[in-house]
Amino acid sequence: MGFLKTLFSGKVETPEEKKKEVESKNFDVLKYDGVKALRAGEPAHAVELFQHALTMQEDLEIRDYLSQALIHVDRLEEAYEQLEKLYEAEPENVQLLVRMTDVAFMMEDYDRMEELCEKAMLIDKDNPMLLMLYARACIGRGDLVNAVAMLTKAISMREDYGEAYLMRGDTLLEMGDVTSADEDAKWLEEHTSGIEEVSMLNARVEERKGNHQKAITYYDQVIKANPFNASAFEERGKIKLALGDKEGADADMRSLLEIEPQRAEGVNGEFSAEGTEDIAKKVEQAYRNSSPFGI
């Protein structure tokens, strides 16, 4: 390349220019290999490559990729720092604030989440998603009343905001307002289909209303959609046990232990084809030791 530049331009490439050209090529290689590693499911290697590249040259796109890789390796504070640098360069970028809020949520830093949501709302006050994120922070801090208020406002701004209906329904149920939770659950059932979280909400609402068989039907829908939903097996098993169906409760406990083997610590001994009475006692005790609703 240096020879060709000299040949056609008549200018000799200086050692400094050659050095910069080599560094630029190395930078591009590190960036390319980092993206390739990230997409190949090798985030730790991607982090090393991106960090090396940034020692050579500042690049906001690499910082963006680096934040993603750091999240994958659970280095959340470092990921947040990278997003902060991006935000410094683009202080009006609401999407960056949303990403920072997501990372703060993963760190369970709910105060930071609220601060970020407030900053974002100053830029885009009519964005219902920001209200839902704010509500999530309120839930994290145990402020359920304000969470419901935020979600209600978000829904008033966007009537088809299913995710906000679902979060509000779950929150209302946790507060003990079964009637209002039921309204959200029924709205979701009418306007969505095949979503296991919606069936879970409906199941929990029906159980709280005392409609045990109807609750079981909803749990059946959840398990059909996702055979690895441990909460559905646990909660359905409790209902079956309360209804006297110890065999059904035992089957659900077996499924639960297959999905989450660590739960076996709460059940002394292993299940077997023999000793039905003993199994029933262990199942019953295991259910009684756990919370009545997986909320």
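Positions within a chain are numbered from 1, following the residues in the order the chain's sequence is written. Residue-level local features of this predicted model are given only where pLDDT is at least 70; pairs of side-chain atoms are given and counted only at 80 or more, and the full residue set underlies all totals for whole chains, interfaces and linings. Only hydrogens and water are set aside; all other atoms, that is, all heavy atoms of the structure, feed into the side-chain values.

(A) Geometry of the overall build of the protein chain. Comment: elements are numbered from the N terminus, with helices defined as DSSP H or I runs of at least four residues and strands as E runs of at least two. A count of helical and extended segments in the protein chain gives 16 helices and zero strands. We call two residues contacting when some pair of their heavy atoms lies within 4.5 Å. Within the protein chain, residue pairs in contact and separated by at least 24 positions form 48% of the contacts whose partners lie at least 6 positions apart. Computed with the Shrake-Rupley method and a 1.4 Å probe, the accessible areas treat only the protein chains shown as cover for residues. A total of about 16600 Å² of accessible surface is found on the protein chain, and carbon and sulfur atoms cover 50% of it.

(B) Molecular detail of the packing of helix α4 (residues 60-72) against helix α6 (residues 94-106). Packing of α4 against α6 leaves a shortest axis separation of 12 Å and a crossing angle of 20°. As summarised for this structure, α4 and α6 are arranged roughly parallel, according to the angle between their axes. Crossing angle aside, the handedness with which α4 passes α6 is left-handed. Between α4, through D64, S67, Q68 and I71, and α6, the contact on the second element is made entirely by R99, V103 and M106. Class assignment for the residues of the contact of α4 with α6 results in three nonpolar, two polar and two charged. Lines fitted to C-alpha atoms define the axes here, with helix axes fitted over just the stretch in contact, and angles between the N-to-C directions of these axes take values from 0 to 180 degrees. Geometric relationships in this document are graded by angle, where less than 35 degrees denotes roughly parallel, more than 145 denotes roughly antiparallel, 65 to 115 denotes roughly perpendicular, and other angles denote oblique. By convention the crossing between two helices is left-handed if the near helix lies anticlockwise of the far one by an angle smaller than a right angle, and right-handed if it lies clockwise. Only Asp, Glu, Lys and Arg are considered charged, only Ala, Val, Leu, Ile, Met, Phe, Trp, Tyr, Cys and Pro nonpolar, and every remaining residue, Gly among them, polar.

(C) Geometry of the nonpolar core. The criterion is simple. A nonpolar core is a set of buried Ala, Val, Leu, Ile, Met, Phe, Trp, Tyr and Cys residues joined through side-chain atoms within 4.5 Å. Only protein chains enter the accessibility calculation, which uses a 1.4 Å probe; a residue whose area is less than 20% of its type maximum is buried, one above 50% is exposed, and one in between is partly exposed. Core analysis: the largest hydrophobic core is formed by 46 residues, its most contacted members being M100, L188, L201 and V205. Only α5 (76-89), α6, α7 (110-123), α8 (128-140), α9 (144-157), α10 (162-175), α11 (178-191) and α12 (196-208) provide two or more residues apiece to this core. Counting residues per element, this core draws most heavily on α8, at eight residues. Contacts of V205, omitting those with residues within four sequence positions, involve L173, V178, A181, D182 and A185. Formed by 17 residues, the second largest nonpolar core is a distinct cluster that contains F27, V35, V47 and A69.

(D) Summary view of unusual backbone geometry. Of note, D74 is a non-glycine position whose phi angle comes to about 65°, a positive value. The residue D74 is located in the loop between α4 and α5 in this model. In this structure, E108 takes a positive phi of about 60° despite not being glycine. Within the secondary structure layout, E108 lies in the loop between α6 and α7. In this structure E108 comes out as exposed when scored by relative accessible area, which is 57%.

All we've got here are geometric facts, nothing functional implied.
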